[in-house]
Protein chains: 2
Amino acid sequence: MIYFDNGATSYPKPQNVLSNTVYALKNYSFNSGRGGYAASVHTAEKIYSVREKIAGMFHFEPQNVAFTMNCTQALNMAIKGSVKKGDHVIISSLEHNAVWRVVNHLKNDGIIQFDTADFSFDEEETVLNFERLIRPNTSVIVCMAASNVFGVVFPISKIGALAAKHNIRFIVDGAQGAGIIPINAVTDNIDILCAPGHKCLFGNMGTGFIAVKEGTRLNTLIDGGTGSESVNPDQPDFFPDRLEAGTLNNSGIISLGAGIDFIQSRGMDKIYNHELAVTDCLFNGLSKNENVELYCPKPEKFKSAPIISFNFRDYPSEKTAAMLAERNIAVRAGLHCSPLAHTFFNTLDRGTVRLCPSAFTTGKECEIFLKTLKKM
Amino acid sequence: MIYFDNGATSYPKPQNVLSNTVYALKNYSFNSGRGGYAASVHTAEKIYSVREKIAGMFHFEPQNVAFTMNCTQALNMAIKGSVKKGDHVIISSLEHNAVWRVVNHLKNDGIIQFDTADFSFDEEETVLNFERLIRPNTSVIVCMAASNVFGVVFPISKIGALAAKHNIRFIVDGAQGAGIIPINAVTDNIDILCAPGHKCLFGNMGTGFIAVKEGTRLNTLIDGGTGSESVNPDQPDFFPDRLEAGTLNNSGIISLGAGIDFIQSRGMDKIYNHELAVTDCLFNGLSKNENVELYCPKPEKFKSAPIISFNFRDYPSEKTAAMLAERNIAVRAGLHCSPLAHTFFNTLDRGTVRLCPSAFTTGKECEIFLKTLKKM
């Protein structure tokens, strides 16, 4: 199988991810932070070491990194935990349903109003589009690092500066950016970063995190046992306990730590360069295919995530994907849970075929794909 | 290590759980329900087969079983999704913080009022204690299958009948019961069952589920991409999609399926009998130790989960646990995230030392523990 669905989950995982997972299943599958016996204590230390890795990568404090089942859960915790009745929220015009459905729910419940700020290929224009929508009661801006459909990158640092200037909480959805594009919570003025562990960070499925700036106040979405302050009828005030009720996915978390080790040993920049080169190869090949309509600009460093969206002939995207699947090439078709983005790029009627290469995608695989499509 | 902390998470896992996990990490780590390529389709089928296993065990429809990170998340989804402003909720007097903190949060937000119904060793009395608290606006009863501290079992079937009679939604926390004590959603009149996958069901940490009776309406706690009805700004109305936003923990879910296979091949009743026999051996030994104060009744089938709570000399429970840890015996001390239960059993001051054997605990291990304690 030639796998271009890394935007859904990365495959394959690095070898050390699998080996660390198996080791964790055998040796770190004990409840951390609850037991006083050696296996529990060692497990807690190991889990903490992954908080440190994430904190180091994105510039948070380790104790302010909490683990979730996926990025979606983290975004729900971040957004729903940040707003109060009467607030106004701004999201980008390319947000995933993990953001759009959340703000819609809050709007339907009469808690917030929200507006969408248009993406522009001109960074300053994008920032201006956010700025124009700011109201006195705007409390939160939510923006993705990169579009999961079109690969375009948002000027997170500039939007963060805008949010900071207006004292607005800035929540970043790192689903397609965290792990390849540099994200620095301090210099980018990010209050909360949400990310999956199983995409660009190469951990197993079932992992994600929410990382919050020191001092951030957050209402809880999920309450329960934390192994701390047990007589307190409320969630503890301190992180990560406030955001981690119940048992964690230890082996998943440890796999995520191994994924970060892999990135650091190979070099994040080197991985990004490789993925971008492969994406560029796909872009160039598709550009030369007269039956292809491409929806992305030519990949450019720090402006693009390794994601390409296209359609083939007048086929529905699902038909193209099915034909490729028959030829053992795995792509995803449809709306990619992002109707907003398709509305913006005018592709809502038939969706797009999406190609997401990874660190393991080879030039040879791209060639085979391009030749296969040419013959279709 | 002699491991008596199976109430936190079961260890070791059956051999087939590990082998199925590793297989799943390599072969089923694709996004199910989104892709049309073979690996994605096969993954979706495999995930569905686990829904079927859970549905078969507890008598739900497979499509009404949704996967979560843990039982706590499931309980939050069940309780918060069931109530509206002005509702009254009844919980038992032994509930875990995964329930107590949830209803407290809802109370603090001015949404609900709640009362706690006292546990009694007389089943009819327990049911009466719930019945006495019913008000015209009581919309939900939440009760655990078994206490995670004292092992006592609730008469779920009788409480379910009471709830059904009064048209009250019945939510069961199966954290310490699901997998050993028979739970039948149909005959027990359970509307929603929440359970972890990594305790009595022998799956990996990071797994749990919420199973709902056909036709149950539930507001969503977590919104996001479902791969279905993508243009819908709200979560889909149908299960499991309504309750599953974002990427699932595939290998964890498949490990849970393997855990159920293990239970069914060995026999749930046989496992329960073994665990109860081991618990009885512990109970008898502890009864003869004059330095031990025991808080549980003698284990009895269908009246007890394999859980024992005690204290040793006048030591804080943590001291006893630390001394046992030095001797390579893993137990848990403190409040076990259940201050309500300790208040009820009058052990809030120093908590308890908890012993939870599993299917893999041997009589020999119990003997070693009893002898070790005797010498302490």
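Below: a short report on this structure. If you're wondering where the values come from, they're calculated on a predicted model, not measured in any experiment.

1. Digging into the overall build of chain A
A count of helical and extended segments in chain A gives eleven helices and 13 strands. Taken over the C-alpha trace, chain A has a radius of gyration of 21 Å; the compact-globule value for 376 residues is 21 Å, and the two agree within 12%. Along the longest, intermediate and shortest principal axes, the C-alpha atoms of chain A span 65 × 50 × 35 Å. A buried classification covers 66% of the 376 residues belonging to chain A. Accessible surface for chain A amounts to roughly 12700 Å². Of this, 50% is attributable to carbon and sulfur atoms. Averaging the locations of the 36 positively and 37 negatively charged side chains of chain A gives two centres separated by 5 Å.

2. Some words on the packing of helix 1 (residues 15-27) of chain B against helix 7 (residues 250-266) of chain B
Residue and element names in this part refer to chain B. Where helix 1 contacts helix 7, the two axes come as close as 8 Å, and the packing angle between them is 150 degrees. Put simply, helix 1 runs roughly antiparallel to helix 7. Seen from above, helix 1 lies across helix 7 with right-handed handedness. Taken together, the residues of helix 7 that come into contact with helix 1 (itself represented by Asn 16, Val 17, Asn 20, Thr 21, Ala 24 and Leu 25) are Ser 251, Ile 254, Ser 255, Ala 258, Gly 259, Asp 261 and Phe 262.

3. Some details on the interface of chain B and chain A
The partner chain A presents 71 residues to the 71 residues of chain B that form the contact. Roughly 5700 Å² of surface becomes buried between chain B and chain A when both sides are summed, with 61% attributable to carbon and sulfur atoms. At the boundary of chain B with chain A, the tally comes to two salt bridges. Remark: the boundary between chain B and chain A carries 35 residue pairs in polar contact (both at pLDDT 80 or more). Those elements giving two or more residues to the side of chain B that touches chain A turn out to be helix 1, strand 2 (65-68), helix 3 (71-80) and helix 4 (97-108) of chain B. The greatest single-element share of the side of chain B that touches chain A, amounting to eight residues, is contributed by helix 4 of chain B. Taken together, the residues of the side of chain B that touches chain A break down into 30 nonpolar, 32 polar and nine charged.

4. Re the nonpolar core
Ranked by size, the top nonpolar core spans 116 residues in total, and within it Phe58(A), Phe209(A), Phe58(B) and Phe209(B) carry the most contacts. With residues near it in sequence (within four places) discarded, Phe209(B) still touches Ile54(B), Phe58(B), Val65(B), Ala66(B), Phe67(B), Thr68(B), Ala74(B), Leu193(B), Cys194(B), Ala195(B), Leu201(B) and Leu256(B). Listed in part, the 66 residues of the second largest apolar core include Ile210(A), Ala245(A), Leu340(A) and Ala74(B).

5. With respect to the pattern of salt bridges
Residues and elements named next belong to chain A. For the coordinates displayed, the defined rule picks out 34 salt bridges over all chains. Between Arg 354 and Asp 5 there is a salt bridge, and its shortest N-O distance comes to 3.4 Å. Here Arg 354 is found in strand 13 (residues 352-355), whereas its partner Asp 5 is found in the loop between strand 1 (2-3) and helix 1 (15-27), with 349 residues between them in sequence. Accessibility classification places Arg 354 together with Asp 5 in one group, the buried group.

6. Thoughts on the relation of the copies chain B and chain A
Taken together, a rotation about one axis and a shift along it account for how the two chain copies relate. Laying chain B over chain A is done by rotating through 180 degrees and shifting 0.0 Å along the axis; what remains is an RMSD of 0.0 Å. Taken together, the rotation angle and the small translation identify this as a two-fold axis. Scanning chain B for the C-alpha nearest the rotation axis identifies Met69(B), at a separation of 2.8 Å. Residue by residue, 100% of the interface of chain B is reproduced at the interface of chain A, so both copies engage with the same surface.

7. Quick word on the sheet that holds strand 4 (residues 112-117) of chain A
Residue and element names in this part refer to chain A. Pairing is mixed across the open sheet formed by seven strands, whose spatial order is 2-8-7-6-5-3-4. Two strands close off the open sheet at either side, each with one partner strand: strand 2 (65-68) and strand 4. Across the sheet, the axes of successive neighbouring strands diverge by a mean angle of 20 degrees, strand direction being ignored. Where strand 3 (residues 87-92) and strand 4 come together, six bridges link them in parallel fashion.

8. With respect to the packing of aromatic side chains
Residue and element names in this part refer to chain A. Tallied over the entire structure, the rule returns 38 aromatic pairs over all chains. Ring centres 6.4 Å apart and planes at 80 degrees place the aromatic pair Phe 121 and Phe 345 in the edge-to-face group. Here the residue Phe 121 occupies a position in the loop between strand 4 and helix 5 (123-133), and Phe 345 occupies one in the loop between helix 10 (339-344) and strand 13, the gap between them amounting to 224 residues. The class for Phe 121 is exposed, based on a relative accessible area of 52%.

9. Here's the deal with helix 2 (residues 38-58) of chain B
Residues and elements named next belong to chain B. Taking 1.5 Å as the rise per residue, helix 2 with 21 residues should run 30 Å; its terminal C-alpha atoms sit 31 Å apart, in good agreement. Taken together, the buried positions of helix 2 are Ala 39, Ser 40, Thr 43, Ile 47, Ser 49, Val 50, Arg 51, Ile 54, Ala 55, Met 57 and Phe 58. Against helix 1, strand 2, strand 7 (192-196), strand 8 (208-212), helix 7 and helix 8 (268-287) lie the buried residues of helix 2.

10. Here we look at unusual backbone geometry
All names here are of chain A. Residue Pro 12 is reached from Tyr 11 by a cis peptide bond, and omega for that bond is -5 degrees. By the element assignment, Pro 12 lies in the loop between strand 1 and helix 1. One non-glycine residue with positive phi stands out, namely Glu 229, at about 45 degrees. Here Glu 229 shows up in the loop between strand 8 (208-212) and helix 7 (250-266). Taking the relative accessible area as the measure of exposure, Glu 229 reaches 40% and is therefore partly exposed.

11. As for the sheet that holds strand 9 (residues 292-294) of chain B
Residues and elements named next belong to chain B. Spatially, four strands are ordered 9-10-13-12 in an open sheet, and the strand pairing comes out antiparallel. The outermost strands of the open sheet, each flanked by one partner alone, are strand 9 and strand 12 (332-334). Between one strand axis and the next, the sheet turns through 35 degrees on average, direction left out of account. Pairing between strand 9 and strand 10 (residues 308-312): three bridges, direction antiparallel. Across the sheet, Glu 293 pairs through a bridge with Asn 311, a residue of strand 10. Along the sheet, helix 8 contacts strand 9, strand 10 and strand 13 (352-355); its crossing angle with strand 10, the most-contacted strand, is approximately 25 degrees.

Reading the values: rules and limits
- Residues numbered from 1 in each chain as written.
- Chains lettered and ligands numbered in written order.
- Predicted model: local features only at pLDDT ≥ 70, side-chain atom pairs only at ≥ 80, totals over all residues.
- Heavy atoms only, no water.
- Helix = DSSP H or I, 4+ residues; strand = E, 2+ residues; numbered from the N terminus.
- Rg over C-alpha atoms; globule rule 2.2 N^0.38 Å.
- Buried < 20%, exposed > 50% of the residue type's maximum accessible area, 1.4 Å probe, protein only.
- Areas by Shrake-Rupley, 256 points an atom, 1.4 Å probe, with all protein chains shown as cover.
- Lys, Arg positive; Asp, Glu negative; His and termini not counted.
- Charge placed at Lys NZ, Arg CZ, Asp CG, Glu CD.
- Axes fitted to C-alpha atoms, helices over the stretch in contact; angles between N-to-C directions.
- Parallel < 35°, antiparallel > 145°, perpendicular 65-115°, else oblique.
- Left-handed = near helix turned anticlockwise from the far one by under 90°.
- Contact = heavy atoms within 4.5 Å.
- Buried area = accessible area lost by both parts, 1.4 Å probe.
- Salt bridge = Lys/Arg side-chain N within 4 Å of Asp/Glu carboxyl O.
- Polar contact = N/O pair within 3.5 Å; in protein donor to acceptor, adjacent residues only side chain to side chain.
- Nonpolar A, V, L, I, M, F, W, Y, C, P; charged D, E, K, R; others polar.
- Core = buried A, V, L, I, M, F, W, Y, C linked by side-chain atoms within 4.5 Å.
- Least-squares fit on C-alpha atoms with pLDDT ≥ 70 in both.
- Pairing = 2+ DSSP bridges.
- Phe/Tyr/Trp six-rings, centres within 6.5 Å; stacked < 30°, edge-to-face > 60°.
- Expected span 1.5 Å × (residues − 1).

These figures capture arrangement, not role.
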